[in-house]
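Working through the structure, step by step
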Amino acid sequence: MIERIIIAGAGGQGIMLMGKLLAEAAMREGKFVTWLPAYGAEVRGGTAHCMVTISDAEINSPLISEADSLIVMNYPSLTRFGNRLKDKGLLIINSSLAGECPDSLSLPFTDIALELGNVKVANVIVLGCFIAKTAIVDKMNILATIEDMAPKNRQDLVEINKKAFLKGMELIKKW
Amino acid sequence: MIERIIIAGAGGQGIMLMGKLLAEAAMREGKFVTWLPAYGAEVRGGTAHCMVTISDAEINSPLISEADSLIVMNYPSLTRFGNRLKDKGLLIINSSLAGECPDSLSLPFTDIALELGNVKVANVIVLGCFIAKTAIVDKMNILATIEDMAPKNRQDLVEINKKAFLKGMELIKKW
Amino acid sequence: MKKILMTGNEAIAEGALQAGCRFYAGYPITPQNELIAYMAKHMIESGGVFIQAESELAAINMVFGASAAGARAMTSSSSPGVSLKQEGISYMAGAELPGVIVNIMRAGPGLGNIWPAQTDYFQATRGGGNGEYRTIVLAPSSVNEAYNLMQDAFDLADRYRIPVILLGDGILGQMMEPVLVHSQNPATNGKINRLPVKEWALTGCKGRKPNLAASFRLAEGKLEEHNIHLQEKYKEIRDNQQDFEGLFLDDAQVILVAYGTMSRIAKGAMNKLREKGIKAGLLRPIALWPFPVNAFTKNLGPKTKYLVIEMSYGQMVEDVRLAVNGSSPVEFLGRSGGGVPAEEEIIKEVFALNEKNI
Amino acid sequence: MKKILMTGNEAIAEGALQAGCRFYAGYPITPQNELIAYMAKHMIESGGVFIQAESELAAINMVFGASAAGARAMTSSSSPGVSLKQEGISYMAGAELPGVIVNIMRAGPGLGNIWPAQTDYFQATRGGGNGEYRTIVLAPSSVNEAYNLMQDAFDLADRYRIPVILLGDGILGQMMEPVLVHSQNPATNGKINRLPVKEWALTGCKGRKPNLAASFRLAEGKLEEHNIHLQEKYKEIRDNQQDFEGLFLDDAQVILVAYGTMSRIAKGAMNKLREKGIKAGLLRPIALWPFPVNAFTKNLGPKTKYLVIEMSYGQMVEDVRLAVNGSSPVEFLGRSGGGVPAEEEIIKEVFALNEKNI
Amino acid sequence: MAKIIINREKCKGCLLCIKFCPKGLITADKDLNSRGLNPAKTKEGPGCTGCSMCAVICPECCIEVYK
Amino acid sequence: MAKIIINREKCKGCLLCIKFCPKGLITADKDLNSRGLNPAKTKEGPGCTGCSMCAVICPECCIEVYK
Amino acid sequence: MKKIFSRPESLRDVSTHYCPGCGHGIAHRLLAQAVDDLGIREKVIGVAPVGCAVVAYDYWNFDCCEAAHGRALAVATAIKRVRPANIVFTYQGDGDLAAIGTNETIHAANRGENLTVIFINNAVYGMTGGQMAPTTLLGQKTATSPRGRSADKEGYPLKISELLAQLPAVKYIERVSLHSPQEVLKAQKAIKQAFQNQIDNIGFSLVEILSPCPTYWEMPPNKAVEWVRDIMSKEFPLGRIK
Amino acid sequence: MKKIFSRPESLRDVSTHYCPGCGHGIAHRLLAQAVDDLGIREKVIGVAPVGCAVVAYDYWNFDCCEAAHGRALAVATAIKRVRPANIVFTYQGDGDLAAIGTNETIHAANRGENLTVIFINNAVYGMTGGQMAPTTLLGQKTATSPRGRSADKEGYPLKISELLAQLPAVKYIERVSLHSPQEVLKAQKAIKQAFQNQIDNIGFSLVEILSPCPTYWEMPPNKAVEWVRDIMSKEFPLGRIK
Ligand SMILES: Cc1ncc(C[n+]2csc(CCOP(=O)(O)OP(=O)(O)O)c2C)c(N)n1
Ligand SMILES: Cc1ncc(C[n+]2csc(CCOP(=O)(O)OP(=O)(O)O)c2C)c(N)n1
Ligand code: SF4
Ligand code: SF4
Ligand code: SF4
Ligand code: SF4
Ligand code: SF4
Ligand code: SF4
Ligand SMILES: [Mg+2]
Ligand SMILES: [Mg+2]
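So, a few notes on the structure that sits alongside this text. (Residues numbered from 1 in each chain as written. Chains lettered and ligands numbered in written order. Predicted model: local features only at pLDDT ≥ 70, side-chain atom pairs only at ≥ 80, totals over all residues. Heavy atoms only, no water.)

Here we look at the overall build of chain E
- A tally of helices and strands in chain E yields two helices and four strands.
- Starting at the N terminus and ending at the C terminus, chain E contains elements arranged as β-α-β-β-α-β.
- Taking 2.2 N^0.38 as the reference for a compact globule, 67 residues should give roughly 11 Å; the C-alpha atoms of chain E span a radius of gyration of 11 Å, in line with that estimate.
- Sorting the 67 residues of chain E into buried and exposed places 49% on the buried side.
- Only carbon and sulfur atoms are counted for the fraction: they give 55% of the accessible area of chain E, which is about 3,100 Å². (Helix = DSSP H or I, 4+ residues; strand = E, 2+ residues; numbered from the N terminus. Rg over C-alpha atoms; globule rule 2.2 N^0.38 Å. Buried < 20%, exposed > 50% of the residue type's maximum accessible area, 1.4 Å probe, protein only. Areas by Shrake-Rupley, 256 points an atom, 1.4 Å probe, with all protein chains shown as cover.)

What about the interface of chain C and chain A?
- In this assembly, 18 residues from chain C lie in contact with 18 residues from chain A.
- Roughly 1,500 Å² of surface becomes buried between chain C and chain A when both sides are summed, with 63% attributable to carbon and sulfur atoms.
- Joining chain C to chain A, the criterion identifies one salt bridge.
- Across the pair A:Glu58 and C:Lys267 runs a salt bridge, and its minimum N-O distance is 2.8 Å.
- On the surface where chain C and chain A come into contact, there are four residue pairs in polar contact (both at pLDDT 80 or more).
- Ranked by residue count, the leading element in the side of chain C that touches chain A is helix H10 (residues 260–275) of chain C, at five residues. (Contact = heavy atoms within 4.5 Å. Buried area = accessible area lost by both parts, 1.4 Å probe. Salt bridge = Lys/Arg side-chain N within 4 Å of Asp/Glu carboxyl O. Polar contact = N/O pair within 3.5 Å; in protein donor to acceptor, adjacent residues only side chain to side chain.)

Re the site of ligand 1
- Every one of the 22 residues lining ligand 1 counts as a neighbour, but C:Glu56, G:His24, G:Cys52, G:Asp94 and G:Gly126 are closest to it.
- At the site occupied by ligand 1, the surrounding residues belong to chains C, D and G.
- Between G:His24 and ligand 1, the recorded distance is 2.8 Å, taken from a side-chain N or O atom to an oxygen atom.
- One of the backbone nitrogen or oxygen atoms of G:Val124 is found 3.1 Å away from an oxygen atom of ligand 1.
- Here ligand 1, which alone exposes 580 Å², has 99% of that area covered by the protein.
- With respect to the pocket detection grid, ligand 1 is positioned in the largest cavity.
- Sorting elements by how many residues they give to the shell around ligand 1 places helix H3 (residues 94–100) of chain G first, with three residues.
- The residue makeup of the shell around ligand 1, split by class, is ten nonpolar, eight polar and four charged. (Near = heavy atom within 4 Å. 1 Å grid on protein atoms, 1.4 Å probe; cavity = no way out; pocket = protein on both sides within 12 Å on 5 of 7 lines; lining within 4 Å. Sits in = over half its atoms within 2 Å of the grid points. Nonpolar A, V, L, I, M, F, W, Y, C, P; charged D, E, K, R; others polar.)

Some points on empty space enclosed by the protein
- Applying the stated criterion across every chain yields a total of 14 cavities of 30 Å³ or more.
- Taken as a whole, the largest cavity holds about 420 Å³ of empty space.
- Lining the largest cavity are 35 residues, and of these G:Val50, G:Gly51, G:His69, G:Met127 and G:Thr128 sit closest to its centre.
- Listed by contribution, the elements that provide at least two residues to the lining of the largest cavity are helix H4 (79–84) of chain C, helix H5 (86–95) of chain D together with strand E4 (87–93), H3 and strand E6 (124–125) of chain G.
- For the lining of the largest cavity, the leading source of residues is H3(G), giving four residues.
- Residues of the lining of the largest cavity, tallied by class, amount to 19 nonpolar, eleven polar and five charged. (Points joined across faces, edges and corners; volume = space filled by probe spheres on them.)

With respect to the coordination of the magnesium ion (ligand 10)
All names here are of chain H.
- Taken together, Asp 94 (OD), Asn 122 (OD1) and Val 124 (O) make up the full set of protein donors to the magnesium ion (ligand 10), lying 2.1 to 2.2 Å away.
- Here the donor residues of the magnesium ion (ligand 10) are spaced in sequence according to D-x27-N-x1-V. Of this pair, Asp 94 sits in helix H3 (residues 94–100) while Asn 122 is found in the loop between strand E5 (116–121) and strand E6 (124–125), placing the two residues 28 residues apart along the sequence. For the pair Asp 94 and Asn 122, a shared accessibility class is recorded, and that class is buried. (Donors = N, O, S within 2.8 Å, 3.2 Å for Na, K, Ca; no water.)

Thoughts on the pattern of salt bridges
- In this structure the tally under the stated criterion is 83 salt bridges over all chains.
- F:Arg8 is paired through a salt bridge with F:Asp29; the nearest N and O atoms lie 2.6 Å apart. You can see F:Arg8 sitting in the loop between strand E1 (3–6) and helix H1 (16–20) and its partner F:Asp29 sitting in the loop between strand E2 (26–28) and strand E3 (40–42), a full 21 residues away along the chain.
- Of the charged contacts, one joins H:Asp13 and F:Lys10 as a salt bridge, the two residues approaching to 2.5 Å between their closest N and O atoms. With H:Asp13 in the loop between strand E1 (3–5) and helix H1 (23–38) and F:Lys10 in the loop between E1 and H1, this pair bridges two chains.

Here we look at the coordination of the magnesium ion (ligand 9)
Residue and element names in this part refer to chain G.
- Only Asp 94 (OD), Asn 122 (OD1) and Val 124 (O) from the protein reach the magnesium ion (ligand 9) as donors, at distances of 2.1 to 2.2 Å.
- Binding-site remark: the magnesium ion (ligand 9) is held by donors from one chain whose sequence spacing is D-x27-N-x1-V. An identical accessibility class is assigned to Asn 122 and Val 124; each is buried.

Describing helix H6 (residues 139–149) of chain A
All names here are of chain A.
- Taken as a whole, H6 has its buried residues at Ile 142, Leu 143, Thr 145 and Ile 146. For H6, the angular spread of buried residues about the axis comes to 160 degrees, placing them on one side.
- Those residues of H6 that are buried are in contact with helix H1 (15–28), helix H5 (122–134) and helix H7 (156–174). (Arc of directions from axis to C-beta.)

With respect to the arrangement of the chains
- Of all 16 pairs of chains in contact, the one with the most contacts involves chains C and D.
- Looking at chain D next to chain E, you find no contact at all, with the nearest C-alpha pair sitting 19 Å apart.
- Chain E shows no contact with chain H. Their nearest C-alpha atoms sit 33 Å apart.

What about the sheet that holds strand E1 (residues 3–5) of chain G?
- Ordered in space as E1(E)-E4(E)-E1(G), the three strands form an open sheet in which the pairing is antiparallel. A single partner strand is all that each edge strand has here, and the edge strands are strand E1 (3–6) of chain E together with E1 of chain G. Between one strand and the next, the sheet's axes are offset by a mean angle of 35 degrees, whatever the strand orientation.
- Here strand E4 (residues 63–66) of chain E runs beside E1(G); their pairing, made up of two bridges, is antiparallel. Across the sheet, the residue bridging to E:Tyr66 is G:Lys3, located in E1(G). (Pairing = 2+ DSSP bridges. Axes fitted to C-alpha atoms, helices over the stretch in contact; angles between N-to-C directions.)

Section: the packing of aromatic side chains
- Evaluated as defined, the whole model comprises 28 aromatic pairs over all chains.
- Between D:Phe291 and D:Phe296 the ring centres are 5.7 Å apart and the planes differ by 15 degrees, which places this aromatic pair in the stacked class.
- For D:Phe296, a relative accessible area of 4% gives the class buried.
- Considering the side-chain rings of G:Phe89 and G:Phe195, the 5.6 Å spacing of their centres and the 75 degrees angle between planes classify their relative orientation as edge-to-face. On the criterion of sequence distance, the pair formed by G:Phe89 in strand E4 and G:Phe195 in helix H7 (residues 181–199) is long-range, its members being 106 residues apart.
- On the basis of relative accessibility, which here comes to 0%, the residue G:Phe89 falls in the buried class.
- By relative accessible area, G:Phe195 is classed as buried at 0%.
- Here a set of aromatic residues connected by ring pairs shows up, and it is made of G:Trp60, G:Phe62, G:Phe89, G:Tyr91 and G:Phe195.
- In this structure, C:Arg274 packs its charged tip against the face of C:Phe248, placed 3.9 Å from the ring centre.
- Here D:Arg126 stacks its cationic end above the ring of C:Phe122, 5.5 Å away from the centre of that ring. (Phe/Tyr/Trp six-rings, centres within 6.5 Å; stacked < 30°, edge-to-face > 60°. Lys NZ or Arg CZ within 6 Å of the ring centre and 35° of its normal.)

Some words on the relation of the copies chain D and chain C
- Each copy superposes on the other: chain D lies on chain C with an RMSD of 0.0 Å after a rotation of 180 degrees and an axial shift of 0.0 Å. In short, the pair behaves as if placed about a two-fold rotation axis. It is D:Gly128 whose C-alpha, among those of chain D, lies nearest the rotation axis, at 2.0 Å.
- Here 100% of the interface residues in chain D have copies in chain C that are interface residues too; the copies meet face to matching face. (Least-squares fit on C-alpha atoms with pLDDT ≥ 70 in both.)

Considerations on the interface of chain D and chain C
- Taken together, the 55 residues of chain D in the interface contact 55 residues of chain C.
- With both sides pooled, the region where chain D packs onto chain C buries about 4,700 Å², and carbon together with sulfur makes up 55% of that total.
- Broken down residue by residue, the surface that chain D buries against chain C is led by D:Pro109, D:Glu132 and D:Tyr313, which jointly contribute 15%.
- Joining chain D to chain C, the criterion identifies four salt bridges.
- Secondary structure elements with two or more residues in the side of chain D that touches chain C: helix H4 (79–84), H5, helix H6 (121–126), helix H9 (222–240) and helix H12 (316–324) of chain D.
- Class assignment for the residues of the side of chain D that touches chain C results in 19 nonpolar, 26 polar and ten charged.

Let's talk about the side chain of G:His69
- Within the secondary structure, G:His69 is located in the loop between strand E3 (63–66) and helix H2 (72–82).
- The class for G:His69 is buried, based on a relative accessible area of 17%.
- A distance of 2.8 Å separates a polar atom in the side chain of G:His69 from a polar atom in the side chain of C:Tyr27.
- Polar side-chain contacts of G:His69 include one of 2.9 Å to the side chain of G:Asp96.
- Not counting chain neighbours up to four residues away, the residues in contact with G:His69 comprise C:Tyr27, D:Tyr91, G:Val50, G:Gly95, G:Asp96 and G:Ile100.

Printed below as a string of structure tokens:
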């Protein structure tokens with residue numbers, strides 16, 4: 001098993017964190033993982049993406065030229081990475097900012113996050129969708145990781161993120 | 001014809017200038033020349049030496065491992081360069097500061113210079129000796145060079161140096 | 001031992017602390033910023049000294065001083081910043097001071113950009129500074145290896161009294177992988193006792209003759225003597241510290257040669273080539289200096305051909321050519337400026353070589 | 001034309017002024033001090049700018065600015081100071097700014113001493129700075145040649161928009177030899193008109209689009225594109241600017257390879273060897289980069305053997321080995337730290353080679 | 001009578017213009033622009049004096065003032 | 001009663017001690033030392049107060065003072 | 001209606017890459033406006049070293065030169081000496097001007113180079129991710145001072161403008177701020193003055209601009225300007241220094 | 001009779017390489033004397049960068065460290081931080097401390113490193129053959145200012161001590177001179193004070209010493225000391241600066 005995921009969006013959308021959560025949870029299951037970030041020149045409001053590879057065997061290149069899954073959080077990322085998705089690969093799109101796309105799982109994640117009360121958890125909602133779709137990591141491991149990765153003085157973040165993750169999983173069921 | 005000369009002494013004794021005078025005069029006669037200086041760490045009162053090569057043909061190494069002539073103005077220079085003189089080479093020694101030596105032209109140049117009224121012209125006296133001995137450059141060319149090399153605002157130096165040079169040539173006749 | 005997901009930069013910093021590094025001076029630059037940030041946070045817990053220097057120049061000269069005072073000392077930077085350290089590294093080499101310099105390479109020349117590159121190979125392996133000196137150069141290809149090599153780097157630096165360069169690229173520095181971390185802070189639980197005694201260190205001359213740390217040798221013949229001594233030391237290192245990883249070298253018809261991040265991609269290509277029935281092998285230098293010459297001269301017959309792959313337009317390839325000395329064809333594939341040769345490019349190149357029958 | 005006895009340092013400075021150099025920034029260091037002093041005295045007469053910079057770093061970056069503004073600009077230093085210029089040179093290469101850097105090499109590493117050396121060959125020819133770039137490197141062997149090569153250095157720098165390094169050693173810098181000096185100051189009698197027009201120079205954007213001098217290329221793919229362009233330029237230079245002097249290459253059985261001051265001693269040795277009946281020849285690279293590879297690959301059969309001689313423990317010898325690529329034996333003789341291999345040592349070495357029948 | 005025109009695509013939603021309009025005439029748009037940011041927009045109704053405080057503080061130079 | 005001892009081989013003949021001896025007790029030796037320099041020497045006769053001015057200014061640290 | 005405020009000609013009509021609320025954008029415009037106002041766009045040469053504003057030349061509409069980190073004033077010195085008729089300025093961050101470039105700063109100032117220096121003090125290294133700058137305040141937490149800057153280990157915030165003011169060849173130094181439109185207008189005047197000085201051959205002129213970096217101060221832009229007003233400008237008092 | 005003046009233990013019994021009348025010899029002795037007087041020879045670590053005094057370690061009888069030209073205070077910072085119980089000083093020329101090393105000087109001072117700095121101001125670069133230093137006086141001719149230093153092109157003599165005195169973390173600065181025995185004795189006191197401060201953990205202390213360079217001032221030693229007294233100390237006033 002090897003799963004190559006590209007996650008792309010704008011700075012400030014929690015792109016990197018989404019990738020780290022996934023990688024950390026996979027590692028806890030004993031999988032091999034790599035997580036490779038790339039920032040645009042802009043710190044906020046610019047582009048950001050990361051590449052996560054999860055595998056049963058040692059991973060060679062951490063760079064992904066052909067992704068099994070592509071998660072796109074805004075429009076520029078779609079144009080930039082659209083062609084890196086393998087044929088029949090999984091495409092998840094934040095339709096709030098990138099519009100809809102055929103053959104993809106397009107949902108208005110930003111809007112859903114706003115509904116949940118925090119625009120910043122859009123990323124975790126997406127992660128929930130992704131896990132529900134692929135089951136690449138056990139959901140309990142993600143939840144545990146969310147708990148462990150939150151800074152000690154921000155335990156308030158744990159609940160909303162867990163909620164967001166489960167919300168994302170649910171969306172798939174409904175979809 | 002190729003003549004390799006090492007001139008060595010203390011900083012402040014005009015070692016470099018002596019070499020330059022010789023090289024410049026030889027160049028004016030259309031000869032090939034090289035002049036290579038070396039200073040000790042000390043600026044004044046330390047050691048200094050230069051290597052002058054004069055030749056009818058292009059000169060390869062400006063470094064002299066075996067000198068045809070060695071001019072030594074103080075004692076440390078004698079110990080340092082004594083073994084660089086070729087067999088039967090010309091050795092000129094400033095006995096004021098380096099003592100006497102067999103098979104050499106040893107004269108108290110510093111004392112003679114003091115007698116002339118300027119301790120600094122010991123170098124030019126030695127040059128006179130050297131030219132009288134070797135005739136490697138025409139004496140008139142040395143005199144002309146002395147004239148041209150003096151800074152414009154120090155024409156007073158010209159006379160004493162010419163005098164010193166001629167004094168040096170005379171010494172040989174007497175010697 | 002604990003498995004932790006870390007960036008390469010963090011793993012290098014943690015590896016250094018575990019290896020007894022107690023002095024760090026650096027200056028921010030992408031893509032090594034996580035390293036200095038980690039040190040800023042954790043050095044103090046080890047009782048060591050952290051200084052954000054006013055410049056890379058100051059940083060390397062601080063390492064000079066700290067090392068002269070006997071500490072395990074290091075600095076880190078990325079390409080332009082490492083250029084500024086060249087004089088200081090040359091001084092350390094001349095004064096025979098140990099120390100570790102981490103270069104997380106980015107693309108150049110000049111300011112270039114912040115993407116990964118392997119274009120400082122010449123600088124690292126041949127001494128970009130003045131005079132004739134060498135530094136040991138180690139090139140990890142994974143975050144865990146980077147962590148482990150820091151221990152080696154400090155040990156080798158002390159053993160040979162030589163600066164050691166850890167050469168990574170922006171990918172290695174910024175990617176995260178699981179690292180098997182030793183129990184925290186051996187410094188405080190006994191390991192630090194194993195640090196070598198440094199009789200030459202400046203500690204105040206109580207009970208002994210004064211010590212001196214210097215590269216200057218003015219007296220006639222003294223510097224040549226010193227340089228001969230250095231050359232002897234370098235020979236000893238060449239004889240003993242070559243280090244590489246080889247895969248399928250025995251039966252390989254084409255050997256891919258690559259280091260660091262590039263070697264991982266080459267490994268992927270090798271696997272695919274083998275699947276396609278082409279007997280490919282991989283030779284990955286772990287030490288770039290001393291270069292694993294013996295791997296070429298001893299282990300390999302003249303039948304093999306080599307494809308050297310770099311994130312550059314050809315630097316290590318010179319060392320391969322020098323090692324092989326014309327007895328086998330040595331071909332090259334490289335990109336520079338942020339581009340990384342992909343598996344497919346490597347595979348294509350190997351096929352092209354086979355067709356041309358080079 | 002007038003014959004004047006000058007030090008190499010002075011001749012270089014005068015040659016630069018004659019070549020239209022109108023900006024000099026430098027910092028004192030032995031053994032190049034006569035150069036900066038000459039510039040301090042004479043630049044003003046040419047209407048140019050002389051600045052004693054606060055450091056070598058400032059000096060090279062001043063050259064960067066002056067060059068960007070369109071002036072023929074240069075700096076000079078000696079080994080430790082040149083180490084400090086590596087970042088700046090890399091920036092110039094990246095921004096494609098012409099300029100001349102003179103390195104009058106002294107012995108290292110570190111502070112070393114002030115005696116002559118040829119130990120910065122790697123740094124000069126492979127780019128001691130970060131990233132992948134080249135500089136043209138010219139190596140005069142006499143004071144007169146140093147004077148003449150300055151004209152070439154500035155011309156090549158402008159033609160290819162590349163930094164050019166003039167690489168000499170302490171002997172070349174400080175020795176005096178007669179120089180055939182052109183009539184003073186061509187700048188003031190018409191020659192300056194021949195300087196190339198620099199449309200890229202920063203002059204204020206009146207009547208045109210704004211110009212930019214920069215090495216930074218952040219947008220994806222842009223730096224790689226730029227680097228490919230640089231590599232193409234370097235190839236053009238490699239194809240067209242190799243330069244060497246050959247003596248008795250046709251019949252030589254052993255070819256001495258040496259540059260700069262060292263080549264003069266090798267020439268003396270060659271003459272003596274010929275007197276002793278040994279067919280020796282001399283190959284003296286004048287350009288060290290591009291290295292005169294063709295001289296080895298085209299002109300020479302595989303029967304010859306080479307003895308490379310350097311005031312180092314072996315740097316240029318790598319280029320000779322790479323050029324010859326195993327088809328002839330390449331032996332090496334070198335000293336470093338102030339020692340200069342003497343004629344007799346070379347002769348002895350050649351006899352030893354012949355005996356060993358290498 | 002004066003008015004301002006905000007370029008909503010260039011606006012980064014820093015909200016500084018809102019803070020500094022002495023008349024409180026600017027507000028944050030709930031609709032995102034194509035970068036996904038909430039840009040500033042003028043409130044309905046008159047009152048703008050053309051004092052240009054909003055434009056002076058705008059880091060993106062995306063406010064034009066007319067008078 | 002005091003006296004000084006000058007190490008004539010270490011002396012470089014800068015003559016600063018001569019300039020600063022308040023009693024004028026030091027002079028330049030006409031005889032050169034082995035470096036070829038005229039070293040300082042004490043004049044004959046008493047008068048030295050041991051004030052150490054000569055030693056304090058001596059760059060070569062080659063004057064010892066006794067009292 | 002007449003347009004009474006719009007983009008200066010010297011500022012290209014493109015979006016910047018700066019974070020929302022970043023002072024660089026304002027400072028860029030002020031500089032461009034001054035260049036327009038003085039009618040010198042066609043003879044200005046800007047020197048932009050490394051920092052968040054590394055590609056300022058993409059935003060300005062006149063000749064520009066890169067400089068290695070810290071070397072802007074060496075580069076500018078040379079350009080101005082080679083082309084005295086042009087107007088040359090540097091635009092430097094606090095890391096650039098007062099850390100790695102301190103030497104070039106002091107010596108260009110001491111030589112009295114006839115240059116205009118725009119010095120953006122945002123109390124951090126923005127470009128590299130919010131590390132401690134020489135101007136970081138005591139107690140301020142950054143990536144490399146995670147426990148807050150301490151006078152003891154890291155020294156006090158460096159007031160380089162006050163230092164430079166000691167040098168006889170320095171002719172004009174003013175510290176301004178971007179924390180309100182009123183302050184921005186003062187900054188505008190100071191920048192114009194610093195250029196006017198160069199035009200009049202008066203000599204080394206520097207404007208230090210306290211500039212918000214909301215991102216690495218970890219505050220929204222409106223809080224960031226308040227921090228400048230209430231905290232930062234207490235440590236770095238505004239006004240004419242020389 | 002008792003010996004009342006002789007060579008300090010910390011000064012080796014060898015000849016120096018300095019020119020006749022050079023101030024370095026005096027300064028070396030004063031430093032060695034201070035080390036002896038304070039009884040710290042066995043814990044002192046000296047940092048000697050490049051300059052005429054490059055081999056000062058051959059003359060001092062305690063642990064020493066080389067430093068690259070200009071980097072003495074970076075090297076010393078690290079030594080002191082690694083070994084706070086040792087006494088660490090630098091001995092730097094004007095070229096070293098105030099030209100190439102300005103950055104290291106300013107920032108070590110600003111960090112308030114607990115170091116002792118001995119700063120030899122001889123208004124030239126001695127070691128490299130008498131070039132212009134940052135401290136060269138206006139009108140003074142040197143190898144690189146053959147027409148005399150001009151304020152216009154080269155700027156004014158840099159008073160780095162006065163600059164450093166502005167920094168809050170700098171605790172002690174005094175300028176002394178070697179132009180007469182009386183002044184030498186004052187210098188002696190200042191040096192001792194600067195070491196005492198370090199022992200007492202007071203912080204950054206610097207003694208600037210006006211020191212004759214007869215060779216590159218092209219004067220005999222007795223004129224050189226008069227030049228310090230009559231000319232140089234007018235530009236660089238003696239006394240406690242901080
Ligand atoms: C030699 C070198 N060192 C370090 C860097 C990395 N670097 C780029 S900008 C910068 C500092 C930025 O801070 P500042 O100058 O204050 O500008 P800001 O981004 O805050 O506007 C650093 C350390 C570099 N490019 N070159
Ligand atoms: C990087 C570097 N640049 C230049 C030099 C040459 N250099 C040695 S000492 C020195 C300056 C000496 O002047 P100063 O510091 O005033 O000491 P002084 O000799 O006057 O006592 C210079 C330029 C060097 N060794 N290293
Ligand atoms: S011009 Fe003045 S009143 Fe009008 S919107 Fe802007 S700030 Fe408000
Ligand atoms: S100040 Fe400018 S960028 Fe900020 S919200 Fe207002 S219009 Fe938008
Ligand atoms: S101790 Fe005083 S009186 Fe005696 S010789 Fe020295 S200076 Fe003169
Ligand atoms: S001061 Fe010292 S060195 Fe100078 S002359 Fe007197 S004894 Fe000799
Ligand atoms: S990081 Fe700070 S200085 Fe840089 S663009 Fe963002 S807000 Fe501006
Ligand atoms: S050159 Fe000057 S500073 Fe150097 S030793 Fe001679 S007198 Fe002293
Ligand atoms: Mg900043
Ligand atoms: Mg000095």
